[in-house]
Amino acid sequence: MTLRGRLTTAFLVVVFGPVLLGSIFVAMTVSTVSADRAAERLDHAVTTVRTGIGAICRQLQASADAVAVVPAAEREAVARQLVVRGLASDIRVTEVAAAMPLSAAETTTGDCARPTGEQATAVSATAVAGSAEVIAVQTVDGDFLARLAATSGARITFGAEQRPESRTLSAEPGQPLPLTLSVHKSNPTFLYGVLLAVVLVAGLAAILVARWLAASTTRPLGDLARAADRVAGGDLDTRVPIVRPDELGRLAAAFNRMTRELKAYVQALTASRDQLRGHLAILGETLSSTHDVDRILQVILRTALAATGARAGVVLLIDATGEQLMARCALGLTGSWDAAELPSLRVGSGVLGGVAAAGEARRGHGEVGSVEPPCRTYVAVPIRSPAPADDPFALDDGGPATLGVLALYDRVGADDFDDSDLQTLRTFAGQAGIAVHNVRVHEEAQRLSLTDPLTGLWNYRYLRESLRREVERASRFGRMLAVLVLDLDHFKAVNDTYGHAAGDAVLAEFARRIRVGLREVDVAFRQGGEEFVVLLPETDAYGGAIVAERLGAAVRARPMPIEGLGGISVTVSIGVAVFPEHGADAQRVLRAADNALYAAKNAGRDTYRLADAKFDPAPTATGGPQPPRQARGR
């Protein structure tokens, strides 16, 4: 059914329905009132007739009693007087033994005291005076019934009859006549005709008005619907005519304004998107040359929001364990996602975790996890590394690893993200993957340049920077810094006896035992060969001596396990110096520790020595710690 038909039907139901129901109610009410009025008239007539006949019977009985109480000689005269006064049609006084029947015209008499229930032409009342019987008679004729009918307002006939709107009175004491009373029931045919005509006229008027209202309402809506179809088909020049300045007119004006603004917005968005896509290559080159990950992700996310028209977005990267997605930057979000410390998600949980686990893009309508950003629509794509098969970040099967997820929420001006948005977001995710991969490769290269590949400890290059930084911190806050220089005893003999592979294994195990014996804030370095350096922040000479004793015991306690050789027993000599007690700067304190190591070697090895507080050699011309002398291990 069309909207016009529904409006017409609704109007007829609302307007004509009550009229029709009211007419039926009025007709039923008229019929009920007519029946009730007929019943009331019958009740009144029955009461009136009973009262009238009862009064006649009492009058006759009073007349008979009046004659019976006078002397016998006067009874005839009194009877005549009573008849003359109209109290009875006839009064007879007879002896009981010689009582004579009434005349033929009066043979059918209804005795008021002992009715027979038969049709009678008279009613009588009897009184006994000694041996005489006085009978007072009232004739029942047409005039009698006419008087009763006039008094009661009902038609009266003898006998019992079953007719509509009638009531039958049976013979009983005080009511000797069996009568049927009937009244005329009013027939509201004319009223029904008038009511039907009113209903028909009202129905016709309601139909005409409903069709006019429906047509006047749906015609502008039809124009608006056709215009909306044309706009949906891409014709943004469509306009709706404004017929009247009512609500529909305002709706048409708003639609026309919306199409104009939408056309301008689409044109601006198309130009912006074309411009953004044209600069993606330049953007990719710029991002790939930058090593600040957070800045890279901010630029990528802002550009992705501008390109797709999304309200908000977030970038998450997988942590080192591969089990958590860490949010690195977010724009346009609320709640915990707008805080300084963004939350983390478990890989494989929710929409974002599923994208990271499966490595496949997803988009939908708000069915996100409870800890994910709330939204109406979303699109999420994985950030993948463009690494070759031999890259350390590649998967076991040689494919690129998933580095994180790029997600956008609630596209402005549309319900869903389309295929074009998905393709654009994949492009940005690809650029993000390149940038993050390059940063991680750069960080790994930098780490390798500052660490010793054999022992995993920091190398001599990083020792110079770390020692300078720790000395400056200790000087600024008035703290101490203990420096330990360690050298394996007779290490050249190990190389000569067991080979360089065994010597490398000894160095690796020695470095492991050093790491185990240190605090988290302590830093260990391989200065070169078999010589190592340990920095102990906020540690005095006594603390440095304790650590030196502990490290020496850890090396001395058990042989170094060597595959195929069992174990090799080695010892270590350690020199300890403290800033600023043994040196005023980084160069002097390291040189003091180095000289203390010589003292330990000269003392027989496998021991430690504390630097001489009075010894403060001048710095060398190179301006920093010097490379170790490889002859110390002999």
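Along each chain, residue indices are assigned from 1 in the same order as the chain's sequence is written. Selection of residues for local features in this predicted model requires a pLDDT of at least 70, selection of side-chain atom pairs for listing and counting requires 80 or more, and totals for whole chains, interfaces and linings are taken over all residues. Calculation of side-chain values draws on the structure's entire complement of heavy atoms; hydrogens and water are dropped beforehand.

## Some thoughts on the pattern of salt bridges
- Salt bridges are defined by distance alone: a side-chain nitrogen of Lys or Arg within 4 Å of a carboxyl oxygen of Asp or Glu. The final tally for this structure, using the stated rule, is 20 salt bridges.
- Its salt-bridge partner being lysine 263, residue aspartate 237 comes within 2.5 Å of it at the nearest N-O pair. With aspartate 237 in the loop between α4 (189-232) and α5 (247-278) and lysine 263 in helix α5, this residue pair connects regions lying 26 residues apart in the sequence.
- Here arginine 512 and glutamate 509 are joined by a salt bridge, their closest N and O atoms 2.7 Å apart. Starting at the N terminus, helices and strands are each numbered in turn, a helix being any DSSP run of H or I of at least four residues and a strand any DSSP run of E of at least two.

## Quick notes on the sheet that holds strand β15 (residues 523-528)
- Taken in spatial order, the five strands of this open sheet run β15-β16-β14-β19-β20, and their pairing is mixed. This sheet does not close on itself; its edge strands, each paired only once, are β15 and β20 (608-610). The sheet shows a mean angle of 20 degrees between the axes of neighbouring strands, taken without regard to direction.
- At least two bridges found by DSSP between two strands are what make those strands a pair. Summarising the sheet, strand β14 (residues 481-488) and strand β19 (residues 572-579) pair through eight bridges and their orientation is antiparallel. Note that in β19 the partner of leucine 486 across the bridge is isoleucine 574.
- Across the sheet, helix α10 (residues 460-477) is in contact with β14, β15, β16 (531-537) and β19; its angle to β15 comes to roughly 135 degrees. Comment: axis = line fitted to C-alpha atoms, over the contacting stretch for helices; angle = value between 0 and 180 degrees taken between N-to-C directions. Note on definitions: a residue-residue contact is assigned when non-hydrogen atoms from the two residues lie within 4.5 Å.

## A few points about the nonpolar core
- To define a nonpolar core, start from buried Ala, Val, Leu, Ile, Met, Phe, Trp, Tyr and Cys residues and group those joined through side-chain atoms within 4.5 Å. Only protein chains enter the area calculation, which uses a 1.4 Å probe; residues under 20% of their type maximum are buried, those over 50% are exposed, and those in between are partly exposed. Core analysis: the biggest nonpolar cluster contains 38 residues, and Ile91, Leu177, Leu179 and Leu181 have the highest contact counts within it.
- Excluding anything up to four places from it in sequence, leucine 177 contacts Ile53, Ala120, Val123, Val140, Phe144, Phe158, Leu169 and Ser170.
- Listed in part, the 31 residues of the second largest apolar core include Leu484, Val494, Met560 and Val572.

## Some details on unusual backbone geometry
- Here the bond from phenylalanine 579 into proline 580 is cis, since omega is 0 degrees, no more than 30 degrees from zero.
- Tracing the backbone shows proline 580 in the loop between β19 and α14 (586-602).
- Of note, glutamate 538 is a non-glycine position whose phi angle comes to about 55 degrees, a positive value.
- As for its position among the elements, glutamate 538 is in the loop between β16 and α13 (541-557).
- Even without being glycine, aspartate 606 reaches a positive phi, approximately 50 degrees.
- For aspartate 606, the location among the structural elements is in the loop between α14 and β20.
- The class for aspartate 606 is partly exposed, based on a relative accessible area of 26%.

## Focus: the confidence of the model for the protein
- pLDDT expresses, on a scale from 0 to 100, how confident the predictor is about each individual residue. Confidence along the protein averages 80 in pLDDT terms, with 86% of residues attaining 70 or more.
- Low pLDDT, under 50, characterises residues 102-107; the predicted model gives this stretch six contacts beyond four residues in sequence or across chains.
- In this model residues 618-634 is a low-confidence stretch, pLDDT under 50, and it forms 45 contacts with partners more than four residues away in sequence or in other chains.

## Thoughts on the packing of aromatic side chains
- By convention, a stacked pair of Phe, Tyr or Trp rings (six-membered ring in the case of Trp) has centres within 6.5 Å and planes under 30 degrees apart, an edge-to-face pair has planes over 60 apart, and any other such pair is tilted. The full count for this structure, using the stated rule, is three aromatic pairs.
- Between tryptophan 458 and tyrosine 462 the ring centres are 4.2 Å apart and the planes differ by 40 degrees, which places this aromatic pair in the tilted class.
- Note on tyrosine 462 and phenylalanine 525: the rings are 6.3 Å apart at their centroids and 45 degrees apart in plane angle, and the pair reads as tilted. With tyrosine 462 in helix α10 and phenylalanine 525 in strand β15, this residue pair connects regions lying 63 residues apart in the sequence. Each of the two residues, tyrosine 462 as well as phenylalanine 525, counts as buried.
- Every member of this aromatic cluster is reached through a ring pair, and the members are Trp458, Tyr462 and Phe525.

## A word on the side chain of serine 573
- With respect to the helices and strands, the residue serine 573 is situated in strand β19.
- By relative accessible area, serine 573 is classed as buried at 0%.
- What qualifies as a polar contact is a pair of N or O atoms within 3.5 Å, subject to a donor-acceptor requirement within protein and to the restriction that residues adjacent in sequence count only when both atoms come from side chains. Of the polar contacts made by the side chain of serine 573, one reaches the backbone nitrogen of aspartate 606; its length is 3.3 Å.
- In this structure serine 573 touches Val485, Leu486, Asp487, Asp489, Leu597, Ala600, Lys601, Arg605, Asp606 and Thr607, once residues within four positions along its chain are discounted.

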